[in-house]
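# Residue-level structure breakdown
As a plain string of letters, each chain reads:
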Amino acid sequence: MEIENVSLKIEGLPPPAPTLINALSCCNKENLAILCDFNHVILLNAQTKKDLPVFHISKTLTIPRGESLECTSWSPDGQLLVVAGRKLHLFNAVDNFQEIGVFSLHYACKDISVGWKKDADFDKYMIALAGPNGVEIYSCTMDTDRCFVMSDDIVALHVDLPIALLKYSSNSQYLGVAAMDGHFGIWKVKDQMEEHKDFWFLHLRTLRITSIEFSDDARKVAVSCWDGSFHVFQLIEIEGNDKFQWKTVKYNVNCPVEKVTGTLPGTLVCWSHQDRFFSLSNPTVKGTVVYVYCVESANVKQITVCAGSDYIKGITVIKINGKEYLVYFTKNRKLGLVSITPNLKMVQSPQEHWETLMENTMGKVLYNNSITSPVLSVEYNGLHCVKGSKTDNAKCTGSHDGNASSKDIMKLNIVLPKKLADICQRITHRKTEIDSHTAKIGWPNYEVLLSSNAVVFLSALAAHVYLFASKKWKSIVFKTKAVKATLCSGDWLVYVTPGRIICAYNLTNGSMKKYQQPINNSLDDVILVASATHCLCVLLDLNGHGNGHTVQIEFSEDMKVKRESVCLPFHAKNTDHSKTEVMLVESLVVFHQCKTQSHTVSHHYHVLIPDLGLHKHFQPGEPMDFTKFCQTYSEELYHLHNLVKND
């Protein structure tokens, strides 16, 4: 992916309003408006001249002096432009931007967003206003004769809470709201008039939220903050339930977080058409840097667009003759374009050469050596929590805690040093027909482990670890071989040695814990699973009939070990061509078996309570992965999880 910056000079363009963070507004990637100083709203028309984009001022809207303008917004259908300060000014974009209504407010509106709904012969608009005492939503209609009617019904949200920003999604089904204290929430618009309002929120640790942008498909929302940080949330809809959640998607843009000095504007975000690119402007004392992140390939490019004395006062994305450009407007009246769509084939072609190193229900790790530098791509899908459990309430719902990282979807690219690139090549070679040849030349076999904290390349005598928090690689050499291994929450690498010793190594501080465990069966048959939400792992020592023991290992100040007898006939040496996956959900061990009989595949789930040695069988009527299973049977899992507490 290549990006290029073009600076344009437009005569007669006033400076942006000094109090605004984002002075640009755009509709349908076509119509562009700039809120400028001296109560001017500049409407720009984009064209091409000799294959280069140019802008012309098509119209200037002037609001009478004595009123300080704060914000502008287009309706999603592009027919209505609203400008607000202490009054609402409505302009008919279809009829040469004739002013069709002025409504006085009892406060200074800080932000505005317009939603739209087609209702028979009327265009129904929902105008949401952010003020010092909450959100007010006005309903209005415009008929086919362009007659405008404002309803007396006003919906009030967040009463007595100062609101900084708000934004409707592209389909007008969701309304994002940012409070002055850093709280960010999303309303389901259809529920605003109902008694039980559907609302999701969390608190972001920032001085102020400076930008809210929904993606084109309304399934993602990006939020940027004053300090340079940003957050992306993805819509999660639960089948058979009207409730909704938004969970974090991590884009590794490597945008530095600056100390807030009070002299720089906030960070701004926007999406391209069809959500292929995510753009971020980050002002620093040396200049403003624009980051363009390709969602498909996880590649990121950056470019400095203005010097330190100048900085961006607004960004948006506009489409000109099929090409997309990031448009920015600076304090010094410079209008610039960053081309984000050239060489799309260069963006997409490396995707064909990604090699899968590891993939399971938690996520996947990919390797690409076809681009300039070898890259490791990590996608961590999040965790599965028992509904109503302590972990679910504290971490996994993400509804009330801005640090709900345990429910995160994380995507990042890691540039590999040569040694790690060689290991990735060995892993990919081992998966091909030359496996026997690689064994002859002494290449060790590597296993790839993934958690929310780290990715690990593990061989029998060493481990190469990348910690997401420190963004650094470290290597660990074992004194004895590691036969079985897993990654546990709290940065613990747990492995079993040939001498039947269970070792736990803390990847962060280097501490080690050991436990001598009598394992009766072959180490090849031992199952070792770890929790992604607790410092807990379970070892299953079973014979060919499914009989044996479970060993629960909990890491705190001391290593707590609990051993229980268990009989799992469903896990006997099978002759029905079944494939079994095992994972730990809270304190429950979940077995997923795919059985093939007479060319038909059936899915079975068995849930084991290690503390009690009890298990329960589930046979869904349709194929489902771990995530869907946990959602579908959340109530049953909750009761099984609580049996331990009530025992």
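Residues numbered from 1 in each chain as written. Predicted model: local features only at pLDDT ≥ 70, side-chain atom pairs only at ≥ 80, totals over all residues. Heavy atoms only, no water.

## Concerning the overall build of the protein
Quick note on the threshold: Each helix is a run of DSSP H or I of at least 4 residues and each strand a run of E of at least 2, with the numbering of both proceeding from the N terminus. For every residue, the accessible area obtained with a 1.4 Å probe (protein chains only) is divided by the maximum for its type, and the residue is called buried under 20%, exposed over 50%, and partly exposed between those limits. By definition in these notes, contact holds between two residues if any of their heavy atoms fall within 4.5 Å. Only the protein chains shown count as cover for residues, and all accessible areas are computed by the Shrake-Rupley method using a 1.4 Å probe.
When you go through the protein residue by residue, the secondary structure sums to six helices and 48 strands. Per-residue burial over the protein gives 55% buried out of 647 residues. Here the contacts in the protein between residues at least 6 apart in sequence split such that 46% fall between residues at least 24 apart. Per element, the accessible surface of the protein, about 29200 Å² overall, is 48% carbon and sulfur.

## Section: the sheet that holds strand 23 (residues 277–284)
Operational definition: Two strands form a pair only when DSSP identifies at least two bridges running between them. All axes here are fitted lines through C-alpha atoms, helices being fitted over the stretch that makes contact, and every angle between N-to-C directions spans 0 to 180 degrees.
With respect to topology, four strands assemble into an open sheet ordered 22-23-24-25, the strand pairing being antiparallel. Edge positions in the open sheet fall to strand 22 (268–271) and strand 25 (300–307), since each of these has one partner strand only. If you compare each strand with its neighbour and ignore which way they point, the axes differ by 20° on average. Both strand 23 and strand 24 (residues 287–294) contribute to a ladder of eight bridges, which runs antiparallel. Its bridge partner being in strand 24, Ser281 is matched across the sheet by Val290.

## Topic: the state of the cysteines
Note: disulfide means a covalent bond formed between the sulfur atoms of two cysteine side chains. How we decide: By disulfide we mean two sulfur atoms from cysteines, separated by a distance within 2.5 Å.
Summed over all chains, the structure comprises zero disulfides. Cysteine Cys488 is unpaired, with the sulfur of Cys535 as its nearest cysteine sulfur at 5.6 Å. Under the relative-accessibility criterion, Cys488 is labelled buried at 2%.

## Let's talk about the confidence of the model for the protein
What counts is decided by this rule: As a per-residue measure, pLDDT reflects the predictor's confidence and takes values from 0 up to 100.
The share of residues in the protein with pLDDT of 70 or more is 81%, and the mean pLDDT across the chain is 79. Low pLDDT, under 50, characterises residues 342–352; the stretch is placed with 16 contacts to residues that sit more than four places away or in other chains. Contacts from residues 393–407, a stretch scored under 50 in pLDDT, to residues over four places away or in other chains number 32 contacts.

## Some words on the pattern of salt bridges
We count it as follows: Basic side-chain nitrogens of Lys or Arg form a salt bridge, by our definition, when they fall within 4 Å of a carboxyl oxygen of Asp or Glu.
Counted by the stated rule, this structure contains five salt bridges. A salt bridge links Lys167 to Glu213; the shortest N-O distance between them is 3.8 Å. Remark: Glu213 occurs in strand 18 (residues 209–214) and Lys167 occurs in strand 14 (residues 163–168); sequence separation between them is 46 residues. Between Lys628 and Glu622 there is a salt bridge, with the nearest N and O atoms lying 3.2 Å from each other. For Glu622, a relative accessible area of 40% puts it in the partly exposed group.

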